[in-house]
Amino acid sequence: MSLFRKIFGSKSDRSDEELKSDDRGKYMPEIKLPIDERFTINFKANGGKFLYCENLNEIYNNLGHIIEENDWEEEQVLLLDSELKNKFKNSNLLPTRKVSEATYFLTTCENLIANDGSLLISSKQIFEKKLPELPFNFIVFATTSQIVENIGEGLRGIKSKNRQKIPTNITTIKHFKSGDEKDFLSYGSSAKNLYLLLLEDL
């Protein structure tokens, strides 16, 4: 940058600043994106693959495309949730309950966290298994009503939905890229190749 530009500033810089100050006052609150948009942006930034679906037929079609794209037609899927197994009974899946036999894991989640793009899961989805023990490939079925602002809100939701017996093994999945792309803040967390099938239910 030239000395004159440093002292006087370029015309383009000044016009940008003027536009900003005209648009919004100094003390105006930040414009907040809708919760679903924030989740989508943060989830994609974490490396997740996102498929928005308006109905169950789109869910089934997109699941078929994911399986075809990855050549998983002959591969077994880890399916621990009996309700989910019933929901996808006509999808030509090869379900197993043994982690060692599975190429990918089909599951639900407790909540989708908007402020960091993570997925909140518990023993209802993974039972007593640890994330690193599960297959590298995840397909998560969730609905738009499961999107919450932050982890605290998600935990309160889990508590209110399960007053009799609160699930254990509550954790978040946040990193959907290979290990070499993670920063030191994600040390110790397990990265997963994750597809999210999100059903509109609001």
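Provided above is the structure to which this section pertains.
Note that the structure is a prediction, hence the values are computed from the model and not measured.

Focus on the sheet that holds strand 1 (residues 49–53)
Piece 1. On the basis of which strands lie adjacent, the open sheet formed by six strands has the order 1-10-7-4-2-3 and parallel pairing. With partners counted over all chains shown, the strands left at the sheet margins are strand 1 and strand 3 (95–96), one partner each.
Piece 2. Alignment of strand 2 (residues 76–78) against strand 4 (residues 102–107), held across three bridges, turns out to be parallel. Looking at the pairing, glutamine 76 lines up with alanine 102 of strand 4.

Remarks on the environment of phenylalanine 127
Piece 1. Within the element layout of this structure, phenylalanine 127 appears in the loop between helix 6 (123–126) and strand 7 (137–143).
Piece 2. On a C-alpha basis, the gap between phenylalanine 127 and threonine 168 in space is 8.2 Å, while along the polypeptide they are 41 residues apart.

Quick notes on the environment of asparagine 46
Piece 1. Within the secondary structure, asparagine 46 sits in the loop between helix 3 (35–45) and strand 1.
Piece 2. The buried category is assigned to asparagine 46, whose relative accessible area is 15%.
Piece 3. Through-space distance from the C-alpha of asparagine 46 to that of phenylalanine 176 is 5.8 Å; in sequence the pair is 130 residues apart.
Piece 4. Sequence-distant contacts of asparagine 46, defined by excluding residues within four places in its chain, comprise Asp116, Gly117, Ser118, Lys174, His175, Phe176 and Lys177.
Piece 5. Within the structure, the side chain of asparagine 46 is placed 2.8 Å from the backbone oxygen of aspartate 116, a separation counted as a polar contact.

Remarks on the packing of aromatic side chains
Piece 1. Under the defined criterion, the tally for this structure stands at seven aromatic pairs.
Piece 2. Judged by centre distance (5.9 Å) and plane angle (85 degrees), the ring pair of phenylalanine 88 and phenylalanine 141 falls under edge-to-face. Linking phenylalanine 88 in the loop between helix 5 (82–87) and strand 3 with phenylalanine 141 in strand 7, this pair joins segments that are 53 residues apart in sequence. The same class applies to phenylalanine 88 and to phenylalanine 141, which are both buried.
Piece 3. When the ring of phenylalanine 105 is compared with that of phenylalanine 138, the centres are 5.1 Å apart and the planes differ by 90 degrees; the resulting orientation is edge-to-face. Of this pair, phenylalanine 105 sits in strand 4 while phenylalanine 138 sits in strand 7, and the two are 33 residues apart along the sequence. Exposure class is identical for phenylalanine 105 and phenylalanine 138. Each is buried.
Piece 4. Site record: aromatic cluster; members linked through ring pairs are Phe39, Phe43, Phe50 and Phe176.

Here is what the cut-offs are and how they apply
- Residues numbered from 1 in each chain as written.
- Predicted model: local features only at pLDDT ≥ 70, side-chain atom pairs only at ≥ 80, totals over all residues.
- Heavy atoms only, no water.
- Pairing = 2+ DSSP bridges.
- Helix = DSSP H or I, 4+ residues; strand = E, 2+ residues; numbered from the N terminus.
- Buried < 20%, exposed > 50% of the residue type's maximum accessible area, 1.4 Å probe, protein only.
- Contact = heavy atoms within 4.5 Å.
- Polar contact = N/O pair within 3.5 Å; in protein donor to acceptor, adjacent residues only side chain to side chain.
- Phe/Tyr/Trp six-rings, centres within 6.5 Å; stacked < 30°, edge-to-face > 60°.

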